Amino acid sequence: MITRTRLAAGACALLAALAAGMAFPAGASAGEPTGEDAPKVDLVLDVSGSMRTRDIDGGTRMAAAKQAFNEVLDATPEEVQLGIRTLGADYPGDDRKTGCKDTAQLYPVGPLDRTEAKTAVATLAPTGWTPIGPALLKAADDLDGGDGFKRIVLISDGEDTCAPLDPCEVAREIAAKGIGLTIDTLGLVPNTKMRQQLSCIAEATGGTYTSVEHTDELTDKVNQLVDRAADPVVTPVATEGADACAKAPTLKSGLYTDREEFGQQRWYRVDVEPGQELRASVSVGADRAVNPSYGVLLRAVTVHGREIVRGEAAGNGRTDVLSTGLRYPKAESDEDDAAAEAVCLQVTNSFSVASGVKTTPGLPLELTVDVVDGPGDSDDVAAFGLGRGWWLLGLLVLVGFVAGLLWGWLSRWRFAIWRTN
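Treat the numbers as computed from the prediction; the structure is a model and nothing was measured. Within every chain, residues take consecutive numbers counted from 1 along the sequence as written. Per-residue local features of the predicted model are confined to residues with pLDDT of at least 70, and side-chain atom pairs are confined, for both listing and counting, to 80 or more; whole-chain, interface and lining totals are unaffected and use all residues. Where side-chain values are given, they derive from all heavy atoms of the structure, hydrogens and water being excluded.

Draft legend 1. A look at the pairing of strand 4 (residues 81–87). The buried label goes to any residue with under 20% of its type's maximum accessible area, the exposed label to any with over 50%, and the partly exposed label to all in between, with areas taken from a 1.4 Å probe on protein chains only. Secondary structure elements are taken from DSSP: a helix is a run of H or I of four residues or more, a strand is a run of E of two residues or more, and numbering for both begins at the N terminus. Of all seven residues making up strand 4, six are buried, and the element is well covered by its neighbours. The pairing of strand 1 (residues 40–46) with strand 4 spans seven bridges and is classified as parallel. Paired with V44 across the bridge in strand 4 is R85. As paired strands, strand 4 and strand 5 (residues 103–110) are joined by five bridges and run antiparallel to one another. For L82, the partnering residue across the bridge sits in strand 5 and is G110. Here a strand pair is declared whenever DSSP counts at least two bridges between the two strands.

Quick look at the structure:
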C-alpha cells in the first residue's frame, strides 16, 4: 500500500510539473544590436612613472598590467575588434605641456593579431605623466565610425595630472555626443581622490568602476568587459527632444538617448493607432553632484495640451525619483480607416546643483518607447489583472481535479482490498 500511495503522489507531482512547464513559456531572447558593425573595444593603459611601484602581488603595477593584457588578448572573442592606447608612455621630461599630450595608439582598433599585440605590450615601460582627459578624447576618435557597440576600458593607478582639462567633463562631453560609447574604469591600488575621479568618468557614460589590488582581479575584470562587448545589446538611438510638442521629433518603438538641461522640458511625439497601447519609460542619470530634492515627471499629452496620463511615480511623495513610466491604451475604433493619434510625451526634471558644479552638458536621459497591440487580445499581459497567471491558475485547478479523482479511485480500491482481506 505504501508503494501505491507513493505512486499516486508521484503521478500528482508529474501532472503539476507538466502544468508548470506549459504555464511558463521560454524566456525572450536579448535584443539585437541596431547596427551590423563588429563591437569595438579600446583598452587605455596608464604607463606613467607611478606604474613602477611594487605593490601588486610582489611585483610592479606595470608587470601586473602586462600579464593581464596577455591573458585578455588570448581570450578575446574573434568577433571583437580590439585596440590598445597608452597614456604617459613616451615623454619622461618635466615639461607639463608636452607631458599632457603624451598619448599614443599602441595597437589600432581592428581585427586582432594576438602575436603583434602582445609584442607591442611587451615594449612598454613606465615613463611620464597621466593625461587621462586627452587619452579619452583620442580613444573616442579611435572608436569613431559605425554603429556597433563601443567600449573604452581605462586602467590607471592615479588621478589625471593635466588639469584644467577635467577627465570627468571629457566623459560627459563624449556621452553628450550620443555615439553609444561606454567607458569602464579600473583603479590599481586606488586612493580616495582617484576613486572619485574614475567613478565619475564611468558614471557619466553608464559604465562601471572597479578597484583592483591583485593581478587575477585585473585579468578577470578586463576579460569580463571585453566579453560583454561581444554580447548582443540594444544600442540606444541618439535623438533631440524639442521645447514644445509641435516641434517634437516623432519616435517609433525603440530605445533613445538625449540630454536635458537642469529644470528643462523635453518633448517627443509617438503615433498610436486605435487598438494599440503606448508604453513609455524614462530615466535621468545624476552624473554629477545634485541637491537632495529632485524628481522626474513623464506625461502623455494630446497635441492640444490635454493631459492623458502621468507617470506612475507622480504624486507619491518621493523627492528622489530618477525614473518613471506610463501606459496609455487607445480604444478600438468602429471606422476601418481611423487615423492614428499623435501623443506628446513630456519629460520634466527638478534637478538642481550647488554653486561651482557645471550644468552643461545636460543630464543624460534614456527614453524607452513601445507601441503594442492593446489589451483586447487575450495573450496580452494587460488583458487581465494576473496576465498569463490566469492560465497557470486554470491549469492548477485542472491538475487538482485530476489528482483528486486519481486519489479517490486509489483510496476506494485500497479500501476494497482491505474489506476482501
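Draft legend 2. Structural context of the packing of helix 2 (residues 61–75) against helix 8 (residues 215–230). Here the axes come from fitting lines to C-alpha atoms, over the contacting stretch only for helices, and the angles between their N-to-C directions go from 0 to 180 degrees. Direction vectors running N to C along helix 2 and helix 8 enclose 35°, while the axes themselves pass 9 Å from each other. The two elements helix 2 and helix 8 cross, and the hand of that crossing is right-handed. Listed contacts from helix 8 to A64, A65, Q67, A68, E71, V72 and A75 of helix 2 are T215, L218, T219, V222, N223, V226 and D227. Under the scheme applied here, ten amino acids are nonpolar (Ala, Val, Leu, Ile, Met, Phe, Trp, Tyr, Cys and Pro), four are charged (Asp, Glu, Lys and Arg), and all others, including Gly, are polar. Within the contact of helix 2 with helix 8, the residues separate by chemical class into eight nonpolar, four polar and two charged. Each crossing gets its hand from how the near helix is turned against the far one by less than a right angle, where anticlockwise is left-handed and clockwise is right-handed. Any two residues having at least one pair of non-hydrogen atoms within 4.5 Å are treated as being in contact.

Draft legend 3. The arrangement of the sheet that holds strand 1 in detail. The six strands are arranged 5-4-1-6-7-8 in an open sheet whose pairing can be described as mixed. Looking at strand neighbours, the two that pair on one side only are strand 5 and strand 8 (209–212), the edges of this open sheet. Averaged over all neighbouring strand pairs, the angle between strand axes comes to 15°, with direction disregarded. Summarising the sheet, strand 6 (residues 150–156) and strand 7 (residues 181–188) pair through seven bridges and their orientation is parallel. Opposite V153, over in strand 7, you have D184 as the bridge partner. Of the strands in this sheet, strand 1, strand 4, strand 6 and strand 7 are in contact with helix 2, which crosses strand 1 at around 165°.

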